Amino acid sequence: MSGKRLLTGIKPSGSVHLGNYFGAVKPFQELQNAHDFDQTFLFIANYHALTGRPTGSDLTEMTQEIILDYLAMGINESKTVMFLQSDVPRVTELTWMLNNFMSVAHLERAHAYKDAVAHGKDPNVGLFDYPVLMAADILLYGSTHVPVGEDQKQHLEMTRDLAEEVNADCAKEIFPLPESVIPNRTGILPGTDGNKMSKSYGNTIEMFADEKTLRKQVMAIVTDSKRPEEPKNPEECNIYALHKHITPADDLAEIERGYREGGLSYKESKEQLFESLKIFLEPFRERRHDLTNNSDEVRRILQEGADIANAEAEKTMRKVRSELGILSYSDF
Ligand code: ADP
Ligand code: TRP
């Protein structure tokens, strides 16, 4: 295996929002377009989603939605190999093998597991083993680079530890040691209540909500109680924080003036944000609409992705099986 390979996994988990776009999709897109990597991979981590025990129909729907969302938001399938985790079942075989190189004590120190225990939950083995499945995702394709936010750093460290352990055991480089890439982040987007925008806080502005819902979400943005004519500090305003990402520069300067000099009410600022959002979101919606009506195209993209991913997986697993002494009938 050679060259620089970038890989990321996306858990299917409900409606994507502006925070996901600016915090994850856009930075990935920039990496995808930067020609710094020989190959980029993006997959939908639907096996990982099982740890939360969604119903089958919920997981089916979330998986279908997230594929359309990511394609519509600009994952370019001519540059990125996009596939479903479950279309490469070898990943579960590698997980089983890696399990034998991971100590229970090490997994007990993983944040997600520790949090679950701290909250009095009774974690299932899937959740406990989540980091090993994630390591298998990364190592199966010989990934050299993984974009990681704070929350995933520990997982990548565990992946490196596993790769080192296997390489040491086999006295050769079976897996390259993956490095983290810190994407060009735009910072954390605040949600409508001023906290980090997140599905779990119910404070999102969604990328693909209908116009009525979008309006409701924008109008729900929390502000202080300054009157329209009072001067306001834009840097302290949740509406303005979103304007900065969405609204074109000239209009933004106008809005900033309105805030500082007084005269622009929060209500008007929200109306303007709503208008900017409609323009900003339009091309994404159009693409998503086209894809919704073109399941042949979606199937083709996922199939081509799965074919490439499976070919890589086979190459890796041939080596790993041989090193570990796992046989097939064809070895006789
Ligand atoms: P959520 O918090 O809505 O459940 P996820 O945890 O699924 O979102 O995050 C998916 C990706 O989107 C991650 O890379 C995360 O860093 C990014 N992301 C989520 N919310 C924000 C936000 N408010 N600002 C910037 N990036 C975000
Ligand atoms: N654990 C990641 C998350 O919660 C998703 C993920 C699964 C992933 N496998 C991966 C990310 C491999 C990067 C590489 O967001």
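Attention here is on the structure that accompanies the text. The numbers attached to residues start from 1 for each chain and follow its sequence in the written order. Note on labels: chains are lettered from A, ligands numbered from 1, in written order. In view of the model being predicted, local features appear only for residues whose pLDDT reaches at least 70, and side-chain atom pairs are presented and counted only at 80 or more, with totals across whole chains, interfaces and linings using the full set of residues. To obtain the side-chain values, all non-hydrogen atoms of the structure were used and water was disregarded.

A few points about the overall build of the chain
Scanning the chain from terminus to terminus reveals 13 helices and five strands. Taken along its principal axes, the extent of the C-alpha atoms in the chain is 85 × 45 × 40 Å. The criterion used for residue contact is that any of the two residues' heavy atoms lie within 4.5 Å. Counting only contacts in the chain whose residues sit at least 6 apart along the sequence, the fraction spanning at least 24 positions is 77%. Computed by Shrake-Rupley with a 1.4 Å probe, the accessible areas treat only the displayed protein chains as cover when residues are assessed. Summing over all exposed atoms, the chain offers an accessible surface of approximately 16,900 Å²; the carbon and sulfur share of this is 49%. Secondary structure elements are defined from DSSP: runs of H or I of at least 4 residues count as helices, runs of E of at least 2 residues count as strands, and each element is numbered from the N terminus.

Brief notes about the nonpolar core
The criterion is simple. A nonpolar core is a set of buried Ala, Val, Leu, Ile, Met, Phe, Trp, Tyr and Cys residues joined through side-chain atoms within 4.5 Å. Each residue's exposure class comes from its accessible area (1.4 Å probe, protein chains only) as a fraction of the maximum for that residue type: buried when under 20%, exposed when over 50%, partly exposed otherwise. In this structure, Leu18, Ile67, Tyr70, Met82, Ile205 and Leu277 are the most contacted members of the largest nonpolar core, which totals 50 residues. Residues in contact with Tyr70, not counting those within four places in the same chain, are Ile10, Val16, Val25, Leu42, Ile75 and Met82. Within the second largest apolar cluster, 41 residues are counted, among which are Phe128, Ile138, Met158 and Ala163.

A short note on the site of ligand 2
The cutoff for a nearby residue is simple: one of its non-hydrogen atoms must lie within 4 Å of the molecule or strand. Neighbouring residues of ligand 2: 13 residues in total, closest Gly9, Tyr130, Met134, Asp137 and Gln152. The term polar contact refers here to a pair of N or O atoms within 3.5 Å; inside protein, the definition further demands a hydrogen-donor-capable atom paired with an acceptor-capable atom, and it admits residues adjacent in sequence only when both atoms are side-chain atoms. A distance of 2.7 Å is found between a nitrogen atom of ligand 2 and a side-chain nitrogen or oxygen belonging to Tyr130. One nitrogen or oxygen atom from the side chain of Asp137 is found 2.8 Å from a nitrogen atom belonging to ligand 2. Protein coverage of the free-state accessible area of ligand 2, which is 370 Å², stands at 87%.

Observations regarding the packing of helix α7 (residues 125–140) against helix α8 (residues 153–170)
Interaxial angles span 0 to 180 degrees and are taken between N-to-C directions of axes, which are lines fitted to C-alpha atoms, for helices over the stretch in contact. Packing of α7 against α8 brings their axes to within 9 Å, and their N-to-C directions diverge by 70°. As the angle between them shows, α7 and α8 are arranged roughly perpendicular. Handedness of the α7/α8 crossing: right-handed. Of α8, the residues touching α7 (which contributes Tyr130, Pro131, Val132, Met134, Ala135, Ile138 and Leu139) are His155, Leu156, Met158, Thr159, Leu162 and Ala163. Think of it as three bins: nonpolar holds Ala, Val, Leu, Ile, Met, Phe, Trp, Tyr, Cys and Pro, charged holds Asp, Glu, Lys and Arg, and polar takes everything else, Gly as well. Tallied by class, residues from the contact of α7 with α8 come to eleven nonpolar, two polar and no charged. For classification, angles of less than 35 degrees are called roughly parallel, those exceeding 145 degrees roughly antiparallel, those between 65 and 115 degrees roughly perpendicular, and all remaining angles oblique. Note on convention: near helix rotated counterclockwise from far helix by under a right angle means a left-handed crossing. Clockwise means right-handed.

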